[in-house]
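Summary of structural features
Next come the chains, spelled out residue by residue.
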Amino acid sequence: MSLQNGTRIQLGTRLASAGEGTVHDVVGRPEWVAKIFHLDLKGLVAKREKVTAMTLAKPAGAVSRDGSIVLTWPQHLVLQGGVVLGYVMHKVDTNTTVEIHSVSNPTDRRGPLPNQPQWPKRADWAFLLNTAANLCIAVEAAHRVGAVIGDFQERNILVSDTSRVTLVDCDSMQFTATSGRRYLCDVGRPEFTAPELRNVDLKRTPRSRSSDLFALAVHLHLLLMNGNHPFSRGVWTGPGEQPGASVLAAGGHWAGGPRSLLRTHRLAPPPSILPDPIQTLFAQAFTYGAANPALRPSARDWRQALRAITIVTCRLNPIHRYPSHNQVCPWCVLEQAGATRRSALRKQSTFTPRPAPAAATAQPRLLPPQQAPLPPTLALVLPSPSVVDQRVAVPPASQPGWWQRLRAWWAQNF
C-alpha cells in the first residue's frame, strides 16, 4: 500500500474493527493509525470521495502545538493500485484517554471498569471545568474548516488524564468540499440532537453549526452539573406525564431553566450553583435557542465564560471544588440530601418511622468556602484557539473520603 504522495506503508497490528472498517497500526510510524474501509461498506464510493476531499482541507488546530490530538482528521489517503482503501490519521493514546461519559457521569467516574484507565476516580470539578473549556476548543477547530460534527455524542469524544479533548470519527462529520459538494452526516443520538432536527430525514437534510452548539451545551451541562442531562432528569410541573427529552427540548423546558415547567430534581444541582454568565449561556442555548437556533452561544463564547470562573475549595471536604459565588459547598449539600434520602428509604423498608424529636433533626452547619485561588496547574491558559490547555493536576486518590471527614468534624464540634 502507499500514500497519495507515493510513500510506501505497511499495516501493522489490527487495533479495532467497527461498522465502516478496521483500524491498524502503521509499521514504522507510531504516531499514525490507518482506517481501512470494508469492501462491502454501503456508500463506499461516496466515502472514498469524502475522505479524499477532507485530506485536501486539513483544519488549523487539528493538532495542538504541544502535540496533543484535537481532531482525528484524515491526513493521507491509503491507496492500492490507485484505489482508495482508507486513510491515515493521528494516533490517540488509549492508555490515558477515556470516553467523555467516564468523567461527566459520576457513577462511571467513581467506578471505571478494570480494563480501563483508573484516573477518572481522582477527577474533581476543576478538572471537569477544564475539560469543558477544551471541548469548546475542539468544536472551534472543526467549525473553522466548515465542518459540522453532526454525530456529536459521548462516544466520539475522548478525554485524557490532563483534560485534553479529542474528537474522533471525523470522517462521519458533515463536510463541504472545495468543489461545493456537501457530504452529509446521517446519524446521531437523540439525546444530543437539536430539536429542529427531531423529525427530519438526516440522509437528505444538511445540518447547521447551531445544531452542534445545542449538543455542545448538553455536554457542558453534563460536565458541570454532576452528570445530569438538562432534559432527562427533573420534576415535571406541567399537565399530564412528563414529555420525552426531545419534546422538552423543543419547548425550551430544561431542568431549572427560566420559564421552564421542568424543575430541578432535589438530588441534582440547580443552575444557581453556576455563575450568572454561565446560566445566561445555558438559557440562550436551551430556552431562547429552542425557537431560534441562531441565538445559541458559540464555542468561543462558552470557552471565554468558562475561563472566567473562579474556583474555591470546600473547608469541610477539600476534594470538593466549586464556583466562588456559592455561600456553601453545593456538593456537600447534595451528598447530605442523598444520605438523608437513603437513610429514609432504609427505615421505610424495615419499620414504620415515627416523627423524630426536634433536636434530632438538626443538621451539621456548613462551613463557608475556603477562599483559595485556583492553583496555577489548573488555570486555563490558552494562548491561541489551536492550543489545548497544558496540564491539570489530578488530586491524589489517597485523601480521606467526605464521610470520614464529616464524621471527624462532627466529633470535634459536637
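Below: a short report on this structure. (Residues numbered from 1 in each chain as written. Predicted model: local features only at pLDDT ≥ 70, side-chain atom pairs only at ≥ 80, totals over all residues. Heavy atoms only, no water.)

1. Overview of the packing of aromatic side chains
This structure, assessed with the given rule, holds ten aromatic pairs. Residues Phe214 and Phe231 carry aromatic rings whose centres are separated by 5.9 Å and whose planes lie at 15° to one another, so their mutual orientation is stacked. Separated by 17 residues along the polypeptide, Phe214 in helix 5 (residues 209–224) and Phe231 in the loop between helix 5 and strand 12 (235–236) bring together distant segments of the chain. Taken individually, Phe214 and Phe231 each receive the classification buried, so the pair is uniform in this respect. An aromatic cluster of three or more residues is present, and its members are Phe214, Phe231, Trp254, Phe282, Phe286 and Trp302. (Phe/Tyr/Trp six-rings, centres within 6.5 Å; stacked < 30°, edge-to-face > 60°. Helix = DSSP H or I, 4+ residues; strand = E, 2+ residues; numbered from the N terminus. Buried < 20%, exposed > 50% of the residue type's maximum accessible area, 1.4 Å probe, protein only.)

2. Side note on the state of the cysteines
Taken as a whole and assessed by the stated rule, the structure comprises zero disulfides. Here Cys329 is not disulfide-linked; the sulfur of Cys332 is the nearest cysteine sulfur, at 3.7 Å. (Disulfide = S-S within 2.5 Å.)

3. Some remarks on the sheet that holds strand 1 (residues 2–3)
The sheet built from six strands is open, its strands ordered 1-5-6-4-3-2 with antiparallel pairing. Taken across any chain shown, the strands that pair with only one partner, and hence form the sheet edges, are strand 1 and strand 2 (11–17). Bridge count between strand 1 and strand 5 (residues 76–80): two bridges; the pairing is antiparallel. Across the sheet, Leu3 pairs through a bridge with Val78, a residue of strand 5. Taken strand by strand, helix 1 (residues 44–55) contacts strand 4 (32–37), strand 5 and strand 6 (83–90), and its axis lies near 45° from that of strand 6. (Pairing = 2+ DSSP bridges. Contact = heavy atoms within 4.5 Å. Axes fitted to C-alpha atoms, helices over the stretch in contact; angles between N-to-C directions.)

4. Re helix 5
Under the 1.5 Å per step criterion, the end-to-end length of helix 5 is 22 Å for 16 residues, consistent within 8% with the ideal 22 Å. Taken from the residues just after helix 5, Asn226 is the one with a positive phi, measuring 60°. (Expected span 1.5 Å × (residues − 1).)

5. Comments concerning the side chain of Asn326
Tracing the backbone through its elements, the reader meets Asn326 in the loop between strand 15 (321–323) and helix 9 (330–350). Looking at Asn326, its side chain comes within polar contact range of the main-chain oxygen of Ile273, at 3.0 Å. (Polar contact = N/O pair within 3.5 Å; in protein donor to acceptor, adjacent residues only side chain to side chain.)

6. Regarding the environment of Gly21
For Gly21, the location among the structural elements is in strand 3 (residues 21–26). Remark: the alpha-carbon pair of Gly21 and Leu41, spanning 20 residues in sequence, is separated by 8.0 Å. In this structure, Gly21 is in contact with Ala16, Ile36, Phe37 and His38, ignoring residues within four places of it in sequence.

7. As for the pattern of salt bridges
One pass over the full model with this rule turns up 16 salt bridges. Ionic pairing is found between Glu20 and Lys35, a salt bridge with its closest N-O pair at 3.0 Å. One end of the pair, Glu20, is in the loop between strand 2 and strand 3; the other, Lys35, is in strand 4, with 15 residues separating them in the sequence. Residue classification places Glu20 among the partly exposed positions, given a relative accessible area of 23%. Given the relative accessible area of 10%, Lys35 is considered buried. By sharing partners, the salt bridges in this structure join Glu20, Lys35, Lys47 and Asp171 into a single network. (Salt bridge = Lys/Arg side-chain N within 4 Å of Asp/Glu carboxyl O.)

8. Topic: the sheet that holds strand 7 (residues 97–99)
Spatially, three strands are ordered 7-8-9 in an open sheet, and the strand pairing comes out antiparallel. Each edge of the sheet is formed by a strand with only one pairing partner; in this case those strands are strand 7 and strand 9 (165–167). The sheet shows a mean angle of 30° between the axes of neighbouring strands, direction not considered. Two strands pair when backbone bridges link them, and strand 7 and strand 8 (residues 157–160) are joined in this way by three bridges, in the antiparallel orientation. Looking at the pairing, Glu99 lines up with Leu158 of strand 8. Together, strand 8 and strand 9 form the strand contacts of helix 4 (residues 125–144), whose direction differs from that of strand 9 by roughly 35°.

9. Looking at the environment of Ser2
With respect to the helices and strands, Ser2 occurs in strand 1. Taking the relative accessible area as the measure of exposure, Ser2 reaches 16% and is therefore buried. Sequence separation of Ser2 and Val78 is 76 residues, and the distance between their C-alpha atoms is 5.8 Å.

10. Details of helix 7 (residues 276–288)
For helix 7, the full list of buried residues reads Ile278, Leu281, Phe282, Ala283, Ala285, Phe286 and Thr287. Summarising the contacts, the buried residues of helix 7 are in contact with helix 5, helix 6 (245–251) and helix 8 (299–307).

11. Here we look at the pairing of strand 6
With respect to burial, strand 6 is a largely interior element, seven of its eight residues being buried. In this structure, strand 4 lies alongside strand 6, joined through five bridges in antiparallel fashion. By the bridge assignment for strand 6, Trp32 is matched with His90. The pairing of strand 5 with strand 6 spans five bridges and is antiparallel. Note on strand 6: the bridge partner recorded for Val78 is Gly86. Joining the antiparallel neighbours strand 5 and strand 6 is a turn of two residues, in which Gly81 adopts a positive phi near 65°.

12. Some points on the packing of helix 5 against helix 7
At their nearest, the axes of helix 5 and helix 7 sit 10 Å apart, and the two run at 140° to each other. Relative to helix 7, the element helix 5 lies oblique. For the pair helix 5 and helix 7, the crossing hand works out as left-handed. Of the residues in helix 7, those touching helix 5 at Phe214, Ala217, Val218, Leu220, His221 and Leu224 are Ile278, Phe282, Ala285 and Phe286. When grouped by side-chain class, the residues that make up the contact of helix 5 with helix 7 number nine nonpolar, one polar and no charged. (Parallel < 35°, antiparallel > 145°, perpendicular 65-115°, else oblique. Left-handed = near helix turned anticlockwise from the far one by under 90°. Nonpolar A, V, L, I, M, F, W, Y, C, P; charged D, E, K, R; others polar.)

13. Observations concerning the nonpolar core
Ranked by internal contacts, the top residues of the largest apolar core, which has 78 residues, are Leu71, Leu216, Leu220, Leu224, Trp302 and Leu306. Per element, the largest residue contribution to this core is 13 residues, and it comes from helix 4. With residues near it in sequence (within four places) discarded, Trp302 still touches Cys136, Leu216, Ala217, Leu220, Ile278, Leu281, Phe282, Ala285 and Pro297. With eleven residues, the next largest nonpolar core counts Leu41, Leu44, Val51 and Tyr87 among its residues. (Core = buried A, V, L, I, M, F, W, Y, C linked by side-chain atoms within 4.5 Å.)

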